[in-house]
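# Summary of the model geometry
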Amino acid sequence: MPSLGRLHLITDTRPGRDPLAVLRAALPVARAELVVQVRVGDDATDRQAYDLARRAVALCTPYGVTCLVNDRLHVALAVGAAGGHVGADDLPVGAARRVLGPAAVLGATAREPVAAAEAVAAGAGYLGVGPCHATTTKAGLPAPIGPDGVRAVAAAVDVPVIAIGGVTAASVPALRAAGAYGVAVVGALSGAADPGRATAELLEALTC
């Protein structure tokens with residue numbers, strides 16, 4: 001598996017957001033520390049997901065940045081992405097690993113130690129853990145687990161733990177202290193007036 005960047009940018013396709021513009025601003029700042037996760041809404045067609053993922057891969061390639069596709073693994077294969085990420089309602093991790101193959105990057109969502117360990121045993125190479133804090137970027141999420149929840153998962157597995165959910169530069173130090181390898185963000189970049197500067201602030205918090 002390629003080395004994993006510490007800052008994961010999840011595309012925000014809500015109305016009024018421009019995920020590719022945010023990506024263009026973040027890439028030259030973060031470079032190899034960036035991982036891009038292409039995520040679209042449940043109402044998006046496969047063609048829409050394909051078009052966004054294809055363009056994201058094209059932007060990431062010159063920087064050597066890992067680009068993944070969330071949920072829709074057939075789209076990940078179709079665009080030549082580095083791998084994918086599956087949540088609790090997607091394909092089981094073992095099945096996702098069989099679809100993507102042994103060399104692909106595969107992440108899985110977990111929020112407690114037992115499920116986290118099971119996901120790793122089934123083939124997950126990293127875990128998205130959360131939501132850490134309250135967030136409005138995705139509906140129907142369970143209650144936030146906070147840094148203590150991240151700490152419990154990080155202690156149970158030996159793969160990178162990526163904290164997600166309401167993450168800001170100010171909250172990064174506590175998450176890193178809890179054992180998070182990195183963080184995944186949506187609104188912290190897509191809602192920023194200057195996504196490039198916001199990327200730099202997140203990276204600074206991750207490396208302190």
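### Re the packing of aromatic side chains
Counting across every chain of the model gives zero aromatic pairs. Directly above the ring of Y181 sits R6, whose terminal nitrogen or CZ lies 4.1 Å from the centroid.

### Let's talk about empty space enclosed by the protein
Enumeration over the complete set of coordinates arrives at one cavity of 30 Å³ or more. Its volume calculated, the largest cavity comes out at about 40 Å³. Lining of the largest cavity is provided by L9, I10, T11, D12, P19, V22, L23, V186 and S190. Taken together, the elements giving at least two residues each to the lining of the largest cavity come down to β1 (7-10) and α1 (19-30). Among the elements that make up the lining of the largest cavity, the one with the highest residue count is α1 (three residues).

### Quick word on the sheet that holds β1
For sheets, the rule is that strands pair by backbone hydrogen bonds, running either parallel or antiparallel. As summarised here, the arrangement of the eight strands in space is β1-β2-β3-β4-β5-β6-β7-β8, forming a closed barrel in which the pairing is parallel. Here the average twist between neighbouring strands, direction ignored, is 25°. Here helix α6 (residues 146-156) sits on the sheet and contacts β6 (126-129) and β7 (161-164); the angle it forms with β7, its principal contact strand, is near 165°.

### Brief notes about the layout of surface pockets
Empty space among the atoms becomes visible once a probe the size of a water molecule is rolled across them. Of the volumes computed, that of the second largest pocket is approximately 220 Å³. In this structure, the second largest pocket is lined by T13, P19, L20, V40, G41, D43, A44, Q48, A49, D51, L52 and R55. Of all the secondary-structure elements, those providing two or more residues to the lining of the second largest pocket are α1 and α2 (46-60). Considering each element in turn, the lining of the second largest pocket owes the most residues, five residues, to α2. Taken together, the residues that form the lining of the second largest pocket break down as six nonpolar, three polar and three charged.

### Description of the nonpolar core
Generally speaking, nonpolar side chains in soluble globular proteins are found buried as a group. Among the nonpolar cores identified, the biggest contains 62 residues, and L23, L34, L127, V150 and V183 are the most heavily contacted of them. Ignoring any residue separated from it by four or fewer positions in sequence, one finds L23 in contact with L9, L34, V36, A56, L59 and C60. Residues I10, V105, A184 and V186 belong to the second largest nonpolar core, which totals nine residues.

Calculation criteria
Residues numbered from 1 in each chain as written. Predicted model: local features only at pLDDT ≥ 70, side-chain atom pairs only at ≥ 80, totals over all residues. Heavy atoms only, no water. Phe/Tyr/Trp six-rings, centres within 6.5 Å; stacked < 30°, edge-to-face > 60°. Lys NZ or Arg CZ within 6 Å of the ring centre and 35° of its normal. 1 Å grid on protein atoms, 1.4 Å probe; cavity = no way out; pocket = protein on both sides within 12 Å on 5 of 7 lines; lining within 4 Å. Points joined across faces, edges and corners; volume = space filled by probe spheres on them. Helix = DSSP H or I, 4+ residues; strand = E, 2+ residues; numbered from the N terminus. Pairing = 2+ DSSP bridges. Axes fitted to C-alpha atoms, helices over the stretch in contact; angles between N-to-C directions. Contact = heavy atoms within 4.5 Å. Nonpolar A, V, L, I, M, F, W, Y, C, P; charged D, E, K, R; others polar. Core = buried A, V, L, I, M, F, W, Y, C linked by side-chain atoms within 4.5 Å. Buried < 20%, exposed > 50% of the residue type's maximum accessible area, 1.4 Å probe, protein only.

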